[in-house]
Amino acid sequence: MQQAAAHAILLSLDGFLGLAAASAARAVTPEVARATSAREARRLVVAAVTVGAAGVLAGGAALLVAGEAVLRLFTRDAAVLALASGLSPLLVGFALANGCAIVTAYGLVGLKRSTWQLAAVGTGYGLLALAVIPVSGTWGLAGLWAAMTATGALIWVLQITGFVRHSAAIAPAAA
């Protein structure tokens, strides 16, 4: 029960940590759609990823510094606090990978290549679904959060690959 509570708290905090990335993602989509060259589209997504990552890292730093005070807003149970506090660095890693993947996914939407984005997410979370029982059974909640972080990173790499591939098709604007 305490592991489930700690997991729920961390998932809630992920939502807060990802706000800057989600905002940057939504803002960059129409700009990518209007990009007149691969270079411009890539520059836009890199800028949005930078903004999103900076937001996640700033929130993550605040969480790591003021961790127990923030976590006490969710629970007073000492065991849950200790578990959630110990997993906070993995939460920040997950939020960073997930936030960067979200921004890149919206870049793909701007390129009208949402199928690639969907395939990347399906692949990543499909593999996580296959691994979740053995990983959490062997390494517990820390193993689950490490696997989630690795999944976020895999999804981001797949999305970067698709974005680079599909943005190359943008014809440069005539001079």
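See the structure printed just above.
Residues numbered from 1 in each chain as written. Predicted model: local features only at pLDDT ≥ 70, side-chain atom pairs only at ≥ 80, totals over all residues. Heavy atoms only, no water.

Novice: Would you mind going over the pattern of salt bridges with me for this structure?
Specialist: Any two side chains of opposite charge can pair if their charged atoms end up close together. Tallied over the entire structure, the rule returns two salt bridges. When the shortest N-O distance is used, the salt bridge between Glu31 and Arg34 registers 2.6 Å. Here Arg34 and Glu31 lie together in helix α2 (residues 19-34), a separation of three residues that amounts to about one turn. Residue classification places Arg34 among the exposed residues on the basis of a relative accessible area of 52%. Ionic pairing is found between Glu68 and Arg72, a salt bridge with its closest N-O pair at 2.9 Å. Overall, the relative accessible area of 46% leaves Glu68 in the partly exposed class. On the basis of relative accessible area, Arg72 is assigned to the partly exposed category, the value being 31%. (Salt bridge = Lys/Arg side-chain N within 4 Å of Asp/Glu carboxyl O. Helix = DSSP H or I, 4+ residues; strand = E, 2+ residues; numbered from the N terminus. Buried < 20%, exposed > 50% of the residue type's maximum accessible area, 1.4 Å probe, protein only.)

Novice: Quick question: what am I supposed to make of the side chain of Thr29 here?
Specialist: Positionally, Thr29 belongs in helix α2. Note on Thr29: relative accessible area 15%, which makes it buried. Within the structure, Thr29 has its side chain in polar contact with the backbone oxygen of Ala25 (distance 2.9 Å). Those residues in contact with Thr29 that sit more than four places away from it in its chain are Tyr106, Val109 and Gly110. (Polar contact = N/O pair within 3.5 Å; in protein donor to acceptor, adjacent residues only side chain to side chain. Contact = heavy atoms within 4.5 Å.)

Novice: Sorry, what's going on with a nonpolar patch on the surface here?
Specialist: Together, Phe16, Leu19, Leu73 and Phe74 make up a nonpolar patch on the protein surface, roughly 470 Å² of accessible area in all. Following the sequence through the fold, Phe74 ends up in the loop between α4 (67-71) and α5 (78-110). Residue Phe74 is classed as partly exposed on the basis of its relative accessible area of 36%. (Patch = residues over 30% accessible without salt bridge, like charges linked within 9 Å, V, L, I, M, F, W, Y side chains within 5 Å. Areas by Shrake-Rupley, 256 points an atom, 1.4 Å probe, with all protein chains shown as cover.)

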